[in-house]
Amino acid sequence: MVQDQSTHSMSQEHPTVEEVPLMIMEARDSDSMEELCLEPSADYQTMRQKMHQDANNSPVANGGTYFEDKISIPQSEDYSFSFRKLWAFTGPGFLMSIAYLDPGNIESDLQSGFVARYKLLWLLLLAHIMGLVLQRLAARLGVVSGMHLAEVCHSQYPRVPRLALWVMVEIAIIGSDMQEVIGSAIALNLLSAGKIPLYGGVLITITDTFVFLFLDKYGLRKLEAFFAFLITVMALTFGYEYGTVGPNQVEVLKGLFIPGCADCGYKGAAQAVGIIGAVIMPHNLYLHSALVKSRDVDRNKKEAVREANMYFFIEAAIALFVSFIINLFVVCVFAEGLHNVTNQQLYNMCTETGNPHAAIFNTTGEVEVDIYKGGVFLGCKYGIAAMYIWAVGILASGQSSTMTGTYSGQFVMEGFLNLHWSRWKRVLLTRSIAIGPTIFVAAFRGVNDLTGMNDFLNVLQSLQLPFALIPVLTFTSMSGIMDIFKNGVLNKLLVCSLAIAVLGINFYLGFISIKQLPNHWALYTFIAVLVVAYLTFVLYLAWRCLIALGSKCLEKLACCQTTQPTYHLDQMSELQTSDNLFSSDEEVDQSSNAVQKAD
């Protein structure tokens, strides 16, 4: 494949095989890419190996934020199961699982128990299983390709869809950050017996985030240990509440394994839909695909990649099981103690025990529960210690989620924009946007509006989920990126069904949310424009996904053709993937010929 250098002028009409990877990685304009442009005489396999080496040495490949040094994996002659190796791979899954324990999830759990008691526990379990399926795909993408989801999106999508996708993911991250700010502010208010106002708690969250950022200076393992400590705090605090309340274990088991929600009504149905939206976080897929790069996996060996996929899946399953148990604790606590209780009963109970927050229940109408009122209720019924322990758990939830949200934002910005910011700059930007509306509501409205904002943000997270789910399904189904590790038929059917279900949930959530808005033509016109834009973008991503799944006829749609030479997605990604060195020389030559024929 060695050719004379004079025959390799860069041409958009007739790019050579060596030039195609440079075209599809147009934004990867680093020094290594420039060197490749100056070496057109190098054969294709050599160039792929050089791209593999340069990718591993780049700031993005090495994380630049979460990990400066990769964790080495113990070597052995065979690839049999080893607890020592499992320990080496342990870390990314638990950091990922923190997103399943953020204040938005805790509030959703609380409301689920209050509205439907134990009847939706099966759906909570199903949501975690669905989450595990998606997290497995995200982790496999990072392990096999050596790039995280945002980087793959950067190389595969055109500029306009890529930027739109980045905006959507940033909206999800900012929404999640707002939830974490709200949770931390409420926890500080409860712990201080109301002496720290809600807006004061919001301001405190600015400084504590920067303090925690210094933790990763002490090494990756210590940072992971700190997150494990926060998860342990949540397990102990919410577990204490579970033991104190003493739920009916028979009803708990029925709720877990008997699907359905008899006599739940409209509120129960809405809460069931909200569980899916609250549990599965869109930016978490981007995060997990990046975190797995912290382990030093030899991607030149199929066995090593297969082993890494196995251990990361086991670790993710364990981590999500822990997060499920913690969420179950919260649901059961309020299913047993708060179901069918009136405001007057709660107010009388709190005044009798002298709780400083009793006035919050001195109102008429139906009880509306949230993480603030839930903590006050625990303090009134089970003693003031229960309220403080609840607040500690909420604070741990907010702080841990804040840190993972920060890393998600950093990876997303680096991947989509190829833009490298210092951590503190990234935190300052995201937290400033999140704090603006939050502190306004906290200062001028009150806790009811603050927690109402939490409900809106759960809906927002659900609406953003297709912009992570569809890309991860697309790329993990492409043989050019995943090689022999691409999705099988069962995986494709499972995740496609999940994607359809999520879209249906989004329509339902959007419908019930729009019904609550003021009836004004200008507002509904604006919403109609947003809905059309949303559906158009989702359809575009679905079109690309269906092509990756094997619907080649969709590539011929006239409305989707471009003026540039068109290559099959699998061929483009096969040339682009720098870490996929599993192909033999013969396979490389065949793929090169295929691209030349496509041209």
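Residues numbered from 1 in each chain as written. Predicted model: local features only at pLDDT ≥ 70, side-chain atom pairs only at ≥ 80, totals over all residues. Heavy atoms only, no water.

1. Observations regarding the overall build of the protein chain
Summing up its helical and strand segments, the protein chain has 26 helices and zero strands in all. Within the span of the protein chain, comprising 599 residues, buried residues form 57% of the whole. If you take every contact in the protein chain between residues at least 6 apart in sequence, the share linking residues at least 24 apart comes to 82%. Counting every atom, the protein chain has about 24700 Å² of accessible surface; 63% of that belongs to carbon and sulfur. (Helix = DSSP H or I, 4+ residues; strand = E, 2+ residues; numbered from the N terminus. Buried < 20%, exposed > 50% of the residue type's maximum accessible area, 1.4 Å probe, protein only. Contact = heavy atoms within 4.5 Å. Areas by Shrake-Rupley, 256 points an atom, 1.4 Å probe, with all protein chains shown as cover.)

2. Examining unusual backbone geometry
The phi dihedral of arginine 117 is positive, around 55°, even though this residue is not glycine. Its location among the elements puts arginine 117 in the loop between helix H6 (103–116) and helix H7 (121–145). For arginine 117, a relative accessible area of 30% corresponds to the partly exposed category. Even without glycine at this site, alanine 193 takes up a positive phi of about 55°. By the secondary structure assignment, alanine 193 is in the loop between helix H9 (159–191) and helix H10 (198–213).

3. Concerning a nonpolar patch on the surface
On the surface, Leu419, Trp421, Leu429 and Ile433 cluster together into a nonpolar patch covering about 310 Å² of accessible area. Tracing the chain through its elements places isoleucine 433 in helix H19 (residues 423–444). (Patch = residues over 30% accessible without salt bridge, like charges linked within 9 Å, V, L, I, M, F, W, Y side chains within 5 Å. Salt bridge = Lys/Arg side-chain N within 4 Å of Asp/Glu carboxyl O.)

4. Some thoughts on empty space enclosed by the protein
This model, assessed by the stated rule, comprises three cavities of 30 Å³ or more. Taken as a whole, the second largest cavity spans an internal volume of roughly 50 Å³. Taken together, Ala99, Asp102, Ser176, Glu180, Met281, His283, Asn284, Leu287, Ser401, Thr404, Gly405 and Ser408 form the lining of the second largest cavity. Residue contributions to the lining of the second largest cavity peak at four residues, all from helix H18 (residues 384–417). A breakdown of the residues in the lining of the second largest cavity according to their chemical character gives three nonpolar, seven polar and two charged. (1 Å grid on protein atoms, 1.4 Å probe; cavity = no way out; pocket = protein on both sides within 12 Å on 5 of 7 lines; lining within 4 Å. Points joined across faces, edges and corners; volume = space filled by probe spheres on them. Nonpolar A, V, L, I, M, F, W, Y, C, P; charged D, E, K, R; others polar.)

5. Quick look at the packing of aromatic side chains
Under the definition given, this model contains 16 aromatic pairs. Judged by centre distance (5.3 Å) and plane angle (10°), the rings of phenylalanine 89 and tyrosine 311 are stacked. Of this pair, phenylalanine 89 sits in helix H4 (residues 83–89) while tyrosine 311 sits in helix H15 (residues 302–337), placing them 222 residues apart in sequence. Here phenylalanine 89 and tyrosine 311 have matching classes, each one buried. An angle of 45° between the planes, with centres 6.2 Å apart, marks the rings of phenylalanine 334 and phenylalanine 377 as tilted. (Phe/Tyr/Trp six-rings, centres within 6.5 Å; stacked < 30°, edge-to-face > 60°.)

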